[in-house]
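Architecture and fold: a report
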Amino acid sequence: MTLIYPVASNSVHPARLSPAYRSAFKRAPQKPLIPMRHTLSELTGPVYGHETVREHDNDLTIQAKGEPLGERIIVHGHVLDEDGRGVPNTLVELWQANACGRYIHVVDQHPAPLDPNFTGAGRTQSDAEGYYKFITIKPGAYPWGNHHNAWRPAHIHFSVFGHSFVSRLVTQMYFPGDPLFPFDPIFNSVTDAKARARMISSFDLDNTKPEWALCYRFDIVLRGRNATPMETK
Amino acid sequence: MSNPRPDGITPSQTVGPYFKYGLTPNGEYEWNDAFTNNLLTPDVSGERIRVEGKVYDGDGAVIPDCMLEIWQADSQGRFSDPQDKRALPNSSFKGFGRCGTDKSGGYAFDTIKPGVVPDADGKPQKPHIALAVFARGMLLHLYTRIYFDDEAGNAADSVLALVPADRRATLIAKRKAAAGGVYTFDVHLQGDNETVFFDV
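Predicted model only: the values in this text are computed from it and were never measured.

The residues that UniProt annotates with the feature "domain: Intradiol ring-cleavage dioxygenases" (unreviewed entry) are residues 75-103 of chain A. Taken as a whole, residues 75-103 of chain A contains 0% helix and 45% strand, while its terminal C-alpha atoms sit 19 Å from one another.

Across the boundary between the two partners, chain A contributes 88 residues, which contact 81 residues of chain B. Taken together, both faces of the contact between chain A and chain B bury some 7600 Å²; the carbon and sulfur share is 58%. Contact with chain B buries area across many residues of chain A, yet Arg27, Ile34 and Phe165 of chain A alone supply 12% of it, more than any other trio. The residue Arg145 of chain B makes a salt bridge to Glu42 of chain A at a minimum N-O spacing of 2.7 Å. The tally of links between chain A and chain B comes to 46 residue pairs in polar contact (both at pLDDT 80 or more). For the side of chain A that touches chain B, the secondary structure elements donating two or more residues are strand 1 (34-35), helix 1 (40-43), strand 2 (72-81), strand 3 (91-96), strand 4 (121-125), strand 8 (155-160), strand 9 (169-174) and strand 12 (220-222) of chain A. Looking at the side of chain A that touches chain B element by element, the count peaks at five residues for strand 9 of chain A. Class assignment of the residues belonging to the side of chain A that touches chain B gives a composition of 43 nonpolar, 24 polar and 21 charged. Summarising the sheet, strand 1 of chain A and strand 10 (residues 198-199) of chain B pair through two bridges and their orientation is parallel.

Residue and element names in this part refer to chain A. Pairing is antiparallel in the open sheet, where four strands are placed in the order 4-3-8-9. The sheet is open, and its two edges are formed by strand 4 and strand 9, each paired on a single side. Going from strand to strand, the sheet's axes swing by 25° on average, the running direction of each strand aside. Where strand 3 and strand 8 come together, five bridges link them in antiparallel fashion. Each residue of the ladder has a partner; that of Glu93, found in strand 8, is Ser159.

Let's shift gears to unusual backbone geometry. Residues and elements named next belong to chain A. Backbone geometry at Asn89 places phi at a positive 55°, although glycine is not the residue there. Counting through the fold element by element, Asn89 comes out in the loop between strand 2 and strand 3. Phi at Glu211 is positive, roughly 65°, even though this residue is not glycine. Here Glu211 shows up in the loop between strand 10 (202-203) and strand 11 (214-217). Taking the relative accessible area as the measure of exposure, Glu211 reaches 84% and is therefore exposed.

So, about the packing of aromatic side chains. Per the counting criterion, the structure on display carries 20 aromatic pairs over all chains. Between Tyr103 of chain A and Tyr142 of chain A the ring centres are 5.3 Å apart and the planes differ by 80°, which places this aromatic pair in the edge-to-face class. Separated by 39 residues along the polypeptide, Tyr103 of chain A in the loop between strand 3 and strand 4 and Tyr142 of chain A in strand 6 (residues 142-143) bring together distant segments of the chain. With relative accessibility at 3%, the residue Tyr103 of chain A sits in the buried group. For Tyr142 of chain A, a relative accessible area of 7% puts it in the buried group. For the pair Phe161 of chain A and Phe35 of chain B, a centre-to-centre distance of 5.8 Å together with 70° between the ring planes defines the contact as edge-to-face. Separated into two different chains, Phe161 of chain A in the loop between strand 8 and strand 9 and Phe35 of chain B in the loop between helix 1 (20-23) and strand 1 (48-56) make up a pair that spans both. One aromatic cluster is present, formed by Tyr132, Phe134, Phe158 and Phe218 of chain A through successive ring pairs. In this arrangement the basic side chain of Lys113 of chain B is found over the ring face of Phe148 of chain B, its NZ or CZ atom lying 5.1 Å from the centre.

Conventions and cut-offs
Residues numbered from 1 in each chain as written. Chains lettered and ligands numbered in written order. Predicted model: local features only at pLDDT ≥ 70, side-chain atom pairs only at ≥ 80, totals over all residues. Heavy atoms only, no water. UniProt positions renumbered as here; feature names shortened; annotations may be inferred. Helix = DSSP H or I, 4+ residues; strand = E, 2+ residues; numbered from the N terminus. Contact = heavy atoms within 4.5 Å. Buried area = accessible area lost by both parts, 1.4 Å probe. Salt bridge = Lys/Arg side-chain N within 4 Å of Asp/Glu carboxyl O. Polar contact = N/O pair within 3.5 Å; in protein donor to acceptor, adjacent residues only side chain to side chain. Nonpolar A, V, L, I, M, F, W, Y, C, P; charged D, E, K, R; others polar. Pairing = 2+ DSSP bridges. Axes fitted to C-alpha atoms, helices over the stretch in contact; angles between N-to-C directions. Buried < 20%, exposed > 50% of the residue type's maximum accessible area, 1.4 Å probe, protein only. Phe/Tyr/Trp six-rings, centres within 6.5 Å; stacked < 30°, edge-to-face > 60°. Lys NZ or Arg CZ within 6 Å of the ring centre and 35° of its normal.

See below:
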């Protein structure tokens, strides 16, 4: 028995060329992609991570000598497949701008301050039920030059693996109620409103830590695992 | 933990230009690498090879902010994944690598030549490496394969056979005659030499 990854699931993803996103013009393939049946090369995938994940890698507020500036937040949720089953022991990596909207990256020239106590990188491994948790700083919006007065809504980048190489997902978590949503070509590259909503975290009052941090829930739903098992040779 | 069935999967978004700190620090930032471009382990068996090349955009310009990931079988065609029931715990070889392109768009992976993996019908596939391409400007990563020009009978491979004959060369790494074990494989996201990408 193995798992089936329906190609139809991919329809929620953005088109390769989303006209408002200018960086895509020279980087999107122009020839049609070739459909193929999945083989073991696609149906297997790296599910490890425990060797490289250190105990505190999921707390971005304690990586430096001092505390980072900005609004401390908890981000947690489950990595699930599309049947609602938790994806256990999968590596979850994240990276983000600091509270001022600045990345610690030589190419980021946005004139907002760097925070010497905030690197913006973290990783963890989901537990047996697919649950993950990070403590971090709420990132700021930043300008990016795609068009006049272009600002990215606040977001956190996530990278997850799942059960196979075809369930590999890199996405972005957004924050509820961001006024920049209607103007962002990357967020709006996902044309279905319900699918766009799945990239927005929900404010989680129940898991807010009093006197310490607000909490956001972000479930990451990966493709895969049709209910019908498939026999393989 | 029971969860309600979700109403769909989470859509993909671009890796952006600033992934390096989180994903490919490679000594440039103070963050330990989860993965590197060197897959070799002391006990791995098989022919040691290097696959190197550059990534180009539709203008033929090199792409310095690209991330490549490879996934492959060991020299006997087995994957380091519990789902592959044929796998034997005889090696610490993982088969997964990650590399960011440098200022000249270049990348390299040090690994071993993969073995033969069955196709969807159980027939042998020619040795290949799965390759995923991520970059700013790409809203969803691209999937392709690296085959090897010194393997006989590539055209009979069931996946390669899906590719029009005049485009197959974009999937085949060329062995450098002068340097044993080094293959060249360039990725063209667009243009006359556009690499074949698969819809998986």
